[in-house]
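Summary of structural features
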Amino acid sequence: MSKQTVRFPDEVVESVESHVSDDEFTSMSEFHRFAIEHLLCQLDTEYEPVIQEYDEIERSTVYTGEAAASQGVGRADERGEFLQTAGRVRQYALRGDIETAYDLIDNRYEPSSPMAMFLDLIVRGAAGIHSSADNHPSLHSE
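Residues numbered from 1 in each chain as written. Predicted model: local features only at pLDDT ≥ 70, side-chain atom pairs only at ≥ 80, totals over all residues. Heavy atoms only, no water.

Some points on the packing of aromatic side chains
The description of an aromatic ring pair rests on the distance of the ring centres and on the angle between the ring planes. This structure, assessed with the given rule, holds five aromatic pairs. On the basis of an interplanar angle of 75° and a centroid distance of 6.0 Å, the ring pair of Phe-82 and Tyr-109 is categorised as edge-to-face. Of this pair, Phe-82 sits in helix H5 (residues 76-94) while Tyr-109 sits in the loop between helix H6 (98-108) and helix H7 (114-127), and the two are 27 residues apart along the sequence. Each member of the pair Phe-82 and Tyr-109 is classed as buried. Centroid distance Phe-82 to Phe-118: 6.1 Å. Interplanar angle 45°. Geometry classified as tilted. Taken together, the positions of Phe-82 in helix H5 and Phe-118 in helix H7 put the pair 36 residues apart, joining distant regions of the chain. Taking relative accessible area as the criterion, Phe-82 reaches 10% and is therefore assigned buried. An aromatic cluster of at least three residues, connected via ring pairs, comprises Phe-25, Phe-31, Phe-34 and Tyr-54. (Phe/Tyr/Trp six-rings, centres within 6.5 Å; stacked < 30°, edge-to-face > 60°. Helix = DSSP H or I, 4+ residues; strand = E, 2+ residues; numbered from the N terminus. Buried < 20%, exposed > 50% of the residue type's maximum accessible area, 1.4 Å probe, protein only.)

Points about the confidence of the model for the chain
With 79% of its residues at a pLDDT of 70 or more, the chain shows a mean pLDDT of 77. When mean pLDDT is taken per element in the chain, H6 scores highest with 90 and helix H4 (residues 65-71) scores lowest with 44. The low-confidence segment residues 64-77 (pLDDT under 50) makes 14 contacts with residues lying over four places distant or belonging to another chain. Low pLDDT, under 50, characterises residues 138-142; the predicted model gives this stretch 14 contacts beyond four residues in sequence or across chains. (pLDDT = per-residue confidence, 0-100. Contact = heavy atoms within 4.5 Å.)

Details of the environment of Tyr-54
Its location among the elements puts Tyr-54 in helix H3 (residues 54-61). Since its relative accessible area comes to 6%, Tyr-54 is described here as buried. For the pair Tyr-54 and His-38, spaced 16 residues apart in the sequence, the C-alpha separation amounts to 8.6 Å. Leaving out residues up to four positions away in the same chain, Tyr-54 has contacts with Phe-34, Glu-37, His-38, Cys-41 and Pro-49. A polar contact is formed between the side chain of Tyr-54 and the side chain of His-38, at a distance of 3.1 Å. (Polar contact = N/O pair within 3.5 Å; in protein donor to acceptor, adjacent residues only side chain to side chain.)

Quick word on helix H1 (residues 10-21)
End to end, H1 covers 16 Å across 12 residues, agreeing with the expected 16 Å (1.5 Å per residue, within 8%). Listing the buried residues of H1 in full gives Val-12, Val-16 and Val-20. The buried residues of H1 occupy an angular sector of 80° when projected down its axis, which confines them to one face. Residues of H1 that are exposed and point over 90 degrees away from its buried face: Asp-10, Glu-14 and Ser-21. Of the surrounding secondary structure, the elements contacted by the buried residues of H1 are helix H2 (28-43) and H7. Positive backbone phi, approximately 65°, marks Asp-23, located one or two places after H1. (Expected span 1.5 Å × (residues − 1). Arc of directions from axis to C-beta.)

Notes on the packing of H2 against H3
Packing of H2 against H3 brings their axes to within 11 Å, and their N-to-C directions diverge by 90°. With respect to H3, the axis of H2 lies roughly perpendicular. Between H2 and H3, the residues in contact are Glu-30, Phe-34, Glu-37, His-38 and Cys-41 and Tyr-54, Ile-57, Glu-58 and Thr-61, respectively. (Axes fitted to C-alpha atoms, helices over the stretch in contact; angles between N-to-C directions. Parallel < 35°, antiparallel > 145°, perpendicular 65-115°, else oblique.)

So, in structure tokens, the structure goes:
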């Protein structure tokens, strides 16, 4: 197995740690391995996860059915749209156009949806925002 080193903003690490402490995942490594495998499955429908217990973890942690639709988690054909949106949001944030990045998020997702929250983290990371004290009111009901 190959070892990879990845740096995450402190907010992301804290969020992952909360899922581990809530016993949704046995360790941070399991969370990261599952997240990568899950994304690969979303990008390539023929990808077969290699981690043990992938299906069990997916059933217990990933939104499905009607609850997912109400939370903004889409079907396979909508996932490509999400990834395109994530790319555009990141580009806006990197270029300093934070307001446009947040407008794009607000126009596509409900503020409480997992997708919107994830995109918010992308904006914060790309723009170097480390707290929820920025001026944009949406997505910041912490």
